[in-house]
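Summary of structural features
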Amino acid sequence: MASLDGSTADATMNNGKPIYKRILLKMSGEALMGDGDHGIEPEVVNRIATDVSELVKLGIQVAMVVGGGNISRGATLAACGMDRVTADHMGMLSTVINALAMQDALEHHGAYARVMSAVKINQICEDYIRRKAIRHLEKGRVVIFAAGTGNPFFTTDTAASLRGIEVNADAVLKATMVDGIYSDDPRKNPDAERYDTLTYDEVLHRKLMVMDATAIVLCRDNNMPLRVFDITKPGALKDVVMNEKEGTLVSNGENA
């Protein structure tokens with residue numbers, strides 16, 4: 001794991017080098033909608049692909065998990081009366097659609113990319129095999145993990161934590177629409193407090209809804225740093241990996 005203590009971070013920043021060698025970037029499906037209320041906005045996908053491609057050029061190994069909420073969300077469909085397992089399977093397929101869109105955009109920007117699905121759909125993408133995913137990363141390919149964990153009742157946040165741990169990422173980067181973690185929704189409460197650092201136990205105790213509890217516990221128990229930042233801010237993704245103190249860092253406390 002890349003060290004997040006102050007001395008190492010300052011040294012890498014002074015040398016103009018990234019503080020992470022391998023990251024897991026988690027994005028919600030809603031991030032791909034742009035100003036729309038459904039589907040995929042090509043301009044947004046292309047902008048994100050540009051940012052990710054820039055990381056690849058810096059020598060950073062990038063894995064991604066993209067949600068499917070812009071197309072179909074299992075929990076929402078289940079709340080409307082659909083069988084939960086069926087609804088979650090539909091959500092998994094939605095993530096495959098988003099992953100394919102991201103793969104196409106990345107390749108248009110000169111980055112090699114592979115989609116790996118947790119459910120068998122190998123006529124259009126690869127099956128997820130851990131050792132093969134790591135090999136893709138070592139060869140400089142962006143790996144996009146689709147279909148969540150392959151199981152109903154688990155979110156893509158949990159999939160991101162799991163895959164980040166499995167491929168030995170240095171950190172999980174959670175891309176959101178706000179610039180970090182707040183005590184309340186800053187879009188509804190202007191007095192919400194923004195946190196620079198938190199521990200995982202604080203996130204759980206305060207019920208800060210940045211990721212579901214299963215995803216947070218996975219990161220906590222495996223000492224996986226999590227940084228939450230605003231993907232809509234130009235240059236924010238690069239700033240995160242260059243240690244520009246972007247967003248909110250969540251850790252087990254010793255590095256917070």
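Residues numbered from 1 in each chain as written. Predicted model: local features only at pLDDT ≥ 70, side-chain atom pairs only at ≥ 80, totals over all residues. Heavy atoms only, no water.

1. Examining unusual backbone geometry
At Ala 147, a residue that is not glycine, the phi angle is positive and equals roughly 70°. Turning to its location among the elements, Ala 147 is positioned in the loop between β5 (142–146) and α6 (156–166). For Lys 207, which is not glycine, the phi dihedral falls at a positive 55°. Within the fold, Lys 207 resides in the loop between α7 (200–205) and α8 (213–221). Owing to a relative accessible area of 67%, Lys 207 belongs among the exposed residues under this scheme. (Helix = DSSP H or I, 4+ residues; strand = E, 2+ residues; numbered from the N terminus. Buried < 20%, exposed > 50% of the residue type's maximum accessible area, 1.4 Å probe, protein only.)

2. Quick notes on the sheet that holds strand β4 (residues 126–127)
Ordered in space as β4-β3-β5-β2-β1-β6-β10-β11-β9, the nine strands form an open sheet in which the pairing is mixed. Edge strands, defined here as strands with exactly one partner in the open sheet, are β4 and β9 (197–199). Sheet topology note: the strand β10 (residues 226–230)/strand β11 (residues 248–251) ladder contains three bridges and is antiparallel. Across the sheet, the residue bridging to Leu 226 is Val 250, located in β11. Relative to the sheet, α6 contacts β1 (22–27), β2 (61–66), β5 and β6 (171–176), its axis offset from that of β1 by approximately 175°. (Pairing = 2+ DSSP bridges. Contact = heavy atoms within 4.5 Å. Axes fitted to C-alpha atoms, helices over the stretch in contact; angles between N-to-C directions.)

3. A closer look at the environment of Ala 101
Inspection of the secondary structure puts Ala 101 in helix α4 (residues 84–108). With 56 residues separating them along the chain, Ala 101 and Val 45 place their C-alpha atoms 7.5 Å apart. Setting aside its immediate chain neighbours within four residues, Ala 101 contacts Ile 40 and Val 45.

4. Let's talk about the pairing of β11
Side chains Thr 248 and Val 250 project from β11 onto one buried face, and the interleaved Leu 249 and Ser 251 project onto a second face that is buried too. In this structure, β9 lies alongside β11, joined through three bridges in parallel fashion. Note on β11: the bridge partner recorded for Thr 199 is Ser 251.

5. Quick notes on the side chain of Ser 53
With respect to the helices, strands and loops of the structure, Ser 53 is situated in helix α2 (residues 42–57). With relative accessibility at 3%, the residue Ser 53 sits in the buried group. Ignoring any residue separated from it by four or fewer positions in sequence, one finds Ser 53 in contact with Leu 106, His 109 and Ala 111.

Geometry only, nothing functional implied.
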